[in-house]
Amino acid sequence: MDKDRYMFYAFNVNGRTHCIFNSSEEALAELSTWLKEDDSDAYGIEPIEGIWRMLERYGNFEDRYDDSWMKEVLRVTCNMIFNESGNGEKKKSEKPPKETNSKK
């Protein structure tokens, strides 16, 4: 059962999720890139255990009930889960969908 547990890593900028990665190595690489460019912001990496927790994290964005936005969230999530290489390592993840404000 443990092999079905997924661990994701949120890269946060100023307390907000900027992108989510499949591995801590990718998140650390992103962190080092951002620190080289600009150290005026606050950066952090946070582990997210499981698919449900990741979807909950996406749910913290605005317009989480907008169908087109949710469709994009599900596409990104499925890509992160199913795009695995033969050696068990997951491929590079995508950034979360941009927030929209379609309710205005």
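Every value quoted in this text rests on a predicted model; they were computed, and no experiment measured them. All residue numbers refer to position in the chain's written sequence, counted from 1. For this predicted model, a pLDDT threshold of at least 70 governs which residues receive local features, and a threshold of 80 or more governs which side-chain atom pairs are given and counted, while totals over whole chains, interfaces and linings are taken from all residues. Based on all heavy atoms of the structure, the side-chain values leave hydrogens and waters out of the count.

Novice: Hey, could you run me through the packing of aromatic side chains in this one?
Specialist: Aromatic rings in a pair are described by how distant their centres are and how their planes are angled relative to each other. Planes of paired rings set the category: under 30 degrees apart is stacked, over 60 is edge-to-face and the rest tilted, where pairs are Phe, Tyr or Trp rings (Trp by its six-membered ring) whose centres lie within 6.5 Å. A full pass over the atoms with the stated rule returns four aromatic pairs. On the basis of an interplanar angle of 10° and a centroid distance of 6.1 Å, the ring pair of Tyr-6 and Phe-8 is categorised as stacked. Burial status follows relative accessibility: with a 1.4 Å probe on protein chains alone, a residue under 20% of its type maximum counts as buried, one over 50% as exposed, and anything between as partly exposed. Judged by its relative accessible area of 16%, Tyr-6 is buried. Aromatic side chains Trp-34 and Tyr-43 sit 5.7 Å apart centroid to centroid with 65° between the ring planes, which places their arrangement in the edge-to-face category. An aromatic cluster of at least three residues, connected via ring pairs, comprises Phe-11, Trp-34 and Tyr-43.

Novice: Could you clarify how one ought to interpret the pattern of salt bridges in this entry?
Specialist: Any two side chains of opposite charge can pair, given that their charged atoms come close. Take a side-chain nitrogen of Lys or Arg and a carboxyl oxygen of Asp or Glu: if they are within 4 Å of each other, that pair is a salt bridge. Across all of its chains, the model carries three salt bridges by this definition. A salt bridge links Arg-57 to Glu-46; the nearest nitrogen and oxygen atoms lie 2.8 Å apart. Residue Arg-57 is found in helix H2 (residues 51-58), and its partner Glu-46 is found in strand E3 (residues 43-49); the two are separated by 11 residues along the sequence. Measuring nitrogen to oxygen at the nearest pair gives 3.2 Å for the salt bridge that ties Glu-56 to Arg-53. Here Glu-56 pairs with Arg-53, and both are found in helix H2, just three residues apart, close to one helical turn. Starting at the N terminus, helices and strands are each numbered in turn, a helix being any DSSP run of H or I of at least four residues and a strand any DSSP run of E of at least two.

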